[in-house]
Amino acid sequence: MIDYTEKIPNNVDLGRDRVLQRALEHWQPAYLNWWYDMGPTDSHAFEVYLRTATSVEPSGWAQFGYVRMPEYRWGIFLQPRDGERQVNFGTHKGIPSWQDVPGEYRSILRRVIVTQGDTEPASVEQQKLLGLCCPSLYDLRNIFQVNVEEGRHLWAMVYLLHRYFGRDGREEAEALLERRSGDADNPRILGAFNEPTPDWLSFYMFTFFTDRDGKFQLSALAESGFDPLARTCRFMLTEEAHHMFVGETGVTRILKRTCDVMKEHKVDDPASVRALGVIDLPTIQRYLNFHFSVTIDLFGSDSSSNAAGYFTSGVKGRYEETKIEDDHVLSDATYPVLEVEGSRIVSRDVPALTALNERLRDDYIHEIQAGVDRWNKVIETAGIPFRLRLPHKGFHRAIGNFAGHFISPEGEVLNKDAWENHRDDWMASASDHAFVESLMSGRVIEPGKFANWIAPPIRGINGQPLNFEYVRFN
Ligand code: BYC
């Protein structure tokens, strides 16, 4: 018999909960089977210099050492309980936060937890093959770190399902290991998690844009009146920061390398830039347009009665709910949303309660813009007159008021043909993908060496040098 209290580092007193232990005894082997099938290809014997969380204390959540990934200790951690915490919004505002699931909210809570949980294994599946074409040992270690932590985030949601939702929860936990990213019959729940991540530029864009959706959704769930969910999400957010760092610095390093090569060889047209083995800036813009648009779909419809219900019932708050100065009930407030009227995009005030998805999307876009501004500094410092831009919110949307409309990156309302004629100017085409993939045909694994298309990072992981052996292949 496996001793789960030892195998699974935790601060939830796992050893004293027999029901939970039995549930995990069933689920863990299925999880490992999933990892062997869907985790990083051909990586099971590698020893990877990973960070493992062994407690929620600052000294405990960043323990570094070599680990074979199937032996990673996927732990269960909740931020410690604040005995005084209340439900801070909605109709139950002011009562003590719930330590158990309120019967009337059982199904919406389960749905939110399952939707969140489903994204975690999905992203591992999307990134499965990228280790085979990594640009360095440093980057290989980083993608593996992201992957094992997404696995841990799945564990976090499965813990909640097993601990608080009985039989339905166990069934949902099993289904989380059965859906597959991009599968025609049994896909992952949300759109962006069924898109392929075929190359490293896509991976960095994904961790910059889509992991940051994770940050905003987790922040909204960290406000939940259901205290175990709130405390789980708070701890997940500490790990999410590294994933966004990998994305932002990954794109920064690609931009740096491209700009250095453009300056050195005094070239600026995309074909000449590509001939030097680096990614031209317009291609990076086209990748950005795609990842931004599919990620903002993840916030749901602009007007959503689901979102209003989550808020009113105290299940899901706004970003930084307790720092907002208003009544936290929103019975009379309004919020502006955009919609298409004929050939124009107009703004209309709707009840703030139904516009909560839109508000969270706006909070997200504000933070994303700051990151794009930092990327532009790299190009500006190189003296190159090109700037990356976020496309209009309505561009290439499949969810909400813009779904079914054809909006250009500048925000013009077009007809289908006009839009389709420009598709390849706005989003990476098959030939763009073929070019980017051609740069990434094999893996670079000599310690301290980096592929030609990306600059080295400024520093290594956990104070280690850049030529450290971050992965041992055995
Ligand atoms: N694709 O009323 P609406 C992360 C569905 S990322 C497909 O607007 P709601 C991570 C919707 O389910 C963060 N379907 O929806 C990042 C609904 O279906 P039903 C993940 C979509 O509920 C990187 C219908 O359309 N966490 O952690 O207000 C790596 C009507 O929509 C999509 C969460 O998302 C879509 N994009 O809002 C690893 C938090 N959007 O009921 C991890 C939990 C909507 O008609 N989820 N639909 O069958 C939620 O809070 C909400 O479910 C959503 C949707 C914000 C996603």
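What comes next is a walk through the structure. On a predicted model such as this, the values are computed, not experimentally measured, just so you know.

Reading the values: the criteria
Residues numbered from 1 in each chain as written. Predicted model: local features only at pLDDT ≥ 70, side-chain atom pairs only at ≥ 80, totals over all residues. Heavy atoms only, no water. Near = heavy atom within 4 Å. Polar contact = N/O pair within 3.5 Å; in protein donor to acceptor, adjacent residues only side chain to side chain. Areas by Shrake-Rupley, 256 points an atom, 1.4 Å probe, with all protein chains shown as cover. Helix = DSSP H or I, 4+ residues; strand = E, 2+ residues; numbered from the N terminus. Nonpolar A, V, L, I, M, F, W, Y, C, P; charged D, E, K, R; others polar. Expected span 1.5 Å × (residues − 1). Buried < 20%, exposed > 50% of the residue type's maximum accessible area, 1.4 Å probe, protein only. Contact = heavy atoms within 4.5 Å. Axes fitted to C-alpha atoms, helices over the stretch in contact; angles between N-to-C directions. Parallel < 35°, antiparallel > 145°, perpendicular 65-115°, else oblique. Pairing = 2+ DSSP bridges. Salt bridge = Lys/Arg side-chain N within 4 Å of Asp/Glu carboxyl O.

## Quick look at the site of the ligand
Step number 1: Near the ligand there are 30 residues, and of these Gln116, Gly191, Ser301, Ser304 and Lys316 occur at the shortest range.
Step number 2: Here Tyr310 contributes a side-chain N or O atom positioned 3.3 Å from an oxygen atom of the ligand.
Step number 3: A distance of 2.6 Å separates an oxygen atom of the ligand from a polar side-chain atom of Lys316.
Step number 4: Computed on the free molecule, the ligand has an accessible area of 1100 Å², of which 81% lies beneath the protein chains in the complex.
Step number 5: Broken down by element, the shell around the ligand gets its largest block of residues, 7 residues, from helix 3 (residues 106-126).
Step number 6: Among the residues forming the shell around the ligand, the class breakdown is 10 nonpolar, 13 polar and 7 charged.

## Topic: helix 4 (residues 137-164)
Step number 1: Along its 28 residues, helix 4 runs 41 Å from first to last C-alpha, staying within 8% of the 40 Å computed at 1.5 Å per residue.
Step number 2: Burial of helix 4 is extensive: 27 of the 28 residues sit out of reach of the surface.
Step number 3: Where helix 4 starts, the residue carrying a side-chain oxygen 3.3 Å from the main-chain nitrogen of Tyr138 turns out to be Ser136.
Step number 4: Looking one or two places after helix 4, you find Gly166, whose phi comes out positive at around 55 degrees.

## Some remarks on the side chain of Arg286
Step number 1: By the secondary structure assignment, Arg286 is in helix 9 (residues 281-296).
Step number 2: For Arg286, a relative accessible area of 14% gives the class buried.
Step number 3: When near neighbours in sequence (up to four residues on either side) are disregarded, Arg286 contacts Arg274, Asp280, Asp424, Asp425, Trp426, Met427, Ala428 and Asp432.

## Details of the packing of helix 2 (residues 18-38) against helix 3
Step number 1: Put simply, helix 2 and helix 3 touch, their axes get as near as 10 Å, and they point 30 degrees apart. Here helix 2 lies roughly parallel to helix 3, going by the angle between them. Taken together, the residues of helix 3 that come into contact with helix 2 (itself represented by Trp34, Trp35 and Met38) are Pro121, Val124 and Glu125.
Step number 2: Taken together, the residues of the contact of helix 2 with helix 3 sort by class into 5 nonpolar, no polar and 1 charged.

## Quick notes on the sheet that holds strand 2 (residues 63-68)
Paired through backbone hydrogen bonds, the strands of a sheet run either parallel or antiparallel to each other.
Step number 1: If you walk across this open sheet you meet the 3 strands as 2-1-7, and the pairing is antiparallel. Strands with a single pairing partner mark the edges of an open sheet, and in this sheet they are strand 2 and strand 7 (471-472).
Step number 2: As paired elements, strand 1 (residues 47-52) and strand 7 share 2 bridges and run antiparallel to each other. Note that in strand 7 the partner of Glu47 across the bridge is Arg472.
Step number 3: Packing of helix 4 onto the sheet brings it into contact with strand 1, strand 2 and strand 7, and relative to strand 1 it is tilted by some 50 degrees.

## With respect to the pattern of salt bridges
Step number 1: Following the criterion strictly, the structure yields 36 salt bridges and no others.
Step number 2: A salt bridge links Arg286 to Asp432, with the shortest nitrogen-to-oxygen separation between them at 2.8 Å. One end of the pair, Arg286, is in helix 9; the other, Asp432, is in helix 13 (residues 430-439), and 146 residues separate them in sequence. Here Arg286 and Asp432 have matching classes, each one buried.
Step number 3: A salt bridge links Glu339 to Arg348, with the nearest nitrogen and oxygen atoms 3.0 Å apart.
Step number 4: Judged by its relative accessible area of 19%, Glu339 is buried.
Step number 5: Put simply, Asp118, Glu125, Arg179, Arg180 and Arg188 are held in one network by salt bridges that share partners.

## So, the environment of Asp268
Step number 1: Here Asp268 shows up in the loop between helix 7 (227-265) and helix 8 (270-275).
Step number 2: Residues Asp268 and Ile76, spaced 192 residues apart in sequence, show a C-alpha to C-alpha distance of 50 Å.
Step number 3: Excluding anything up to four places from it in sequence, Asp268 contacts Met262 and Val273.

## Some remarks on the environment of Phe193
Step number 1: One can find Phe193 in the loop between helix 5 (166-176) and helix 6 (200-221).
Step number 2: Considered as a pair, Phe193 and Pro121 are 72 residues apart in the sequence and their alpha carbons are 9.4 Å apart.
Step number 3: Apart from the residues within four sequence positions on either side, Phe193 is in contact with Thr119, Ala122, Ser123, Gln126, Ser181, Gly182, Arg188, Phe206, Thr210 and Leu298.

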